[in-house]
Amino acid sequence: MIQELIYLIKDKYEITFKDISLLEQAFTHSSYVNEHRHLEMTDNERLEFLGDAVLELIISDYLYHHYQDLPEGKLTKLRATIVREDSLAMFAKDCQFDKFIRLGKGEENSNGRTRSSLLCDLFESFLGALFIDQGQAAAEDFIGQVIIPRIEAGAFSHEMDHKTALQEVLQKNGDILIEYQLVKEEGPAHSRIFHVEINAGGKLLGVGSGKSKKAAEQKAAEVALADIASKKQL
């Protein structure tokens, strides 16, 4: 099974562990260790502890630099949504990690392989092992392949209200009319793509696309916020 895992992470993420024992530890649950005490193995709980901290740092750094107009409270709420248990369990399944975790018979029989808390711990353990084996850059690259695309695709957009953030920025010196205009629709009825532009004060501020008008408006507002933030840095 470990050879299949080694092939999987090399094929999907171009990751090759230098220390295979770290990878094995990351995928070893305490229930398996308890049932195989004669093998003197170590479970993944310490790696989970480290991976949790690595994940929070990398996600915090990404959010800080990519959502520069979101206040601290909203950044904290967004980060909490991304790194919460059910989200990390989803990432673990996306990576097919659930197929490779070593469980004790009791844990296996009680459907532990599908439990969100166990999969969340597994994802963090893998990240901790990767960090030890290859450093922060490798961990960032892995997260960049697995988590960041989800963020950019709007999986957590319910926590990223770009329209409200843009309104707060534009109206901090007084009321200003902000208009969202649908400029184009394309694609078949079951998979429409909407294109929206934002205008305020007679100026085009941003253009965005999405699978709904609401998603397109949020994307346009995100683009406008990013443009405003970049001009502030000039």
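Residues numbered from 1 in each chain as written. Predicted model: local features only at pLDDT ≥ 70, side-chain atom pairs only at ≥ 80, totals over all residues. Heavy atoms only, no water.

I would appreciate a short explanation of a negative patch on the surface in the present structure.
Side chains of Glu14, Asp61, Glu140 and Asp141 sit close together on the surface and give a patch of like negative charge. In this structure, Glu140 sits in helix α9 (residues 136-146). Judged by its relative accessible area of 35%, Glu140 is partly exposed. (Patch = residues over 30% accessible without salt bridge, like charges linked within 9 Å, V, L, I, M, F, W, Y side chains within 5 Å. Areas by Shrake-Rupley, 256 points an atom, 1.4 Å probe, with all protein chains shown as cover. Salt bridge = Lys/Arg side-chain N within 4 Å of Asp/Glu carboxyl O. Lys, Arg positive; Asp, Glu negative; His and termini not counted. Charge placed at Lys NZ, Arg CZ, Asp CG, Glu CD. Helix = DSSP H or I, 4+ residues; strand = E, 2+ residues; numbered from the N terminus. Buried < 20%, exposed > 50% of the residue type's maximum accessible area, 1.4 Å probe, protein only.)

Hey, could you run me through the pattern of salt bridges in this one?
Pairs can form between side chains of opposite charge once their charged atoms are near each other. For the structure shown, the criterion picks out eight salt bridges. A salt bridge links Arg84 to Asp86; its shortest N-O distance comes to 2.9 Å. Given the relative accessible area of 38%, Arg84 is considered partly exposed. Residue Arg192 is joined to Glu185 by a salt bridge in which the shortest nitrogen-to-oxygen separation is 3.4 Å. The exposure class of Arg192 is partly exposed, given its relative accessible area of 26%.

So what exactly am I meant to see when it comes to the nonpolar core here?
Soluble globular proteins tend to bury their nonpolar side chains together. Judged by nonpolar contacts, the single largest core of 61 residues is most densely connected at Phe97, Phe123, Phe126, Phe142 and Ile147. By residue number, the principal contributor to this core is helix α8 (residues 116-134), which donates nine residues. In this structure, this core is formed jointly by two domains, domain 1 (1-158) and domain 2 (161-232), each of which donates at least three residues. For Phe142, the residues in contact, after removing those within four places along its chain, are Tyr13, Ile15, Cys95, Phe97, Phe123, Phe126, Leu127 and Leu130. (Core = buried A, V, L, I, M, F, W, Y, C linked by side-chain atoms within 4.5 Å. Domains from an automatic or database assignment. Contact = heavy atoms within 4.5 Å.)

Explain the environment of Gln134 here, please?
Relative to the helices and strands, Gln134 resides in helix α8. Of the residues examined, Gln134 reaches a relative accessible area of 28% and is grouped as partly exposed. Separated by 125 residues in the primary sequence, Gln134 and Ile9 place their C-alpha atoms 14 Å from one another. Polar side-chain contacts of Gln134 include one of 3.2 Å to the side chain of Asp133. (Polar contact = N/O pair within 3.5 Å; in protein donor to acceptor, adjacent residues only side chain to side chain.)

Whenever I open this one, the UniProt feature "domain: RNase III" (unreviewed entry) in the protein confuses me. Can you help?
Per the UniProt annotation, the sites labelled "domain: RNase III" (unreviewed entry) are residues 6-135. Between the C-alpha atoms that bound residues 6-135 the distance is 18 Å, and the span itself is 68% helix and 0% strand. (UniProt positions renumbered as here; feature names shortened; annotations may be inferred.)

I'm lost on the sheet that holds strand β2 (residues 193-200) in this one. Help?
Two pairing modes exist for strands in a sheet, parallel and antiparallel, and in both the strands are linked by backbone hydrogen bonds. Pairing within the open sheet is antiparallel, and its three strands lie in the order β1-β2-β3. Across the chains shown, the open sheet's two edge strands, defined by having one partner strand only, are β1 (178-186) and β3 (203-210). Across this sheet, the average inter-strand angle for adjacent strands is 20 degrees, counted without regard to direction. In this sheet, β3 lies alongside β2 in antiparallel orientation, the contact comprising seven bridges. (Pairing = 2+ DSSP bridges. Axes fitted to C-alpha atoms, helices over the stretch in contact; angles between N-to-C directions.)

For this particular structure, what's the right way to read unusual backbone geometry?
Positive phi, close to 55 degrees, is recorded for Glu14, a residue that is not glycine. Of note, Glu14 is situated in the loop between α1 (2-13) and α2 (20-26). You can call Glu14 exposed: its relative accessible area is 73%. A positive phi angle is found at Asn111, which is not glycine, with a value near 65 degrees. Structurally, Asn111 can be placed in the loop between α7 (105-109) and α8.

Sorry if this is basic, but what is going on with helix α6 (residues 85-94) here?
In an α-helix, one full turn covers 3.6 residues, which means residues spaced three or four apart are oriented alike. Taken as a whole, α6 has its buried residues at Ser87, Leu88, Ala89, Phe91 and Ala92. Against the buried residues of α6 lie α4 (45-66), α5 (72-82), α8, α9 and α10 (148-152). Gln96 sits one or two positions beyond α6 and adopts a positive phi of about 65 degrees.

Help me out: how do you make sense of α4 in this one?
Over its 22 residues, α4 runs 32 Å from end to end, which matches the ideal 32 Å to within 8%, given 1.5 Å per residue. Within α4 the residues assigned to the buried category are Leu47, Glu48, Gly51, Val54, Leu55, Ile58, Ile59, Tyr62 and Leu63. For α4, the angular spread of the buried residues around the axis is 155 degrees, confining them to a single face. Away from its buried face, by an angle of more than 90 degrees, α4 presents the exposed residues Arg46, Phe49 and Tyr64. (Expected span 1.5 Å × (residues − 1). Arc of directions from axis to C-beta.)

How should I be thinking about the pairing of β1 in this particular structure?
Put simply, side chains in a regular strand alternate between the two faces of the sheet. In this structure, β1 lies alongside β2, joined through eight bridges in antiparallel fashion. Bridge assignment links Glu179 to a residue of β2, and that residue is Asn199. As consecutive antiparallel partners, β1 and β2 are separated by six residues, and within that stretch Gly187 has a phi angle of approximately 95 degrees, a positive value.

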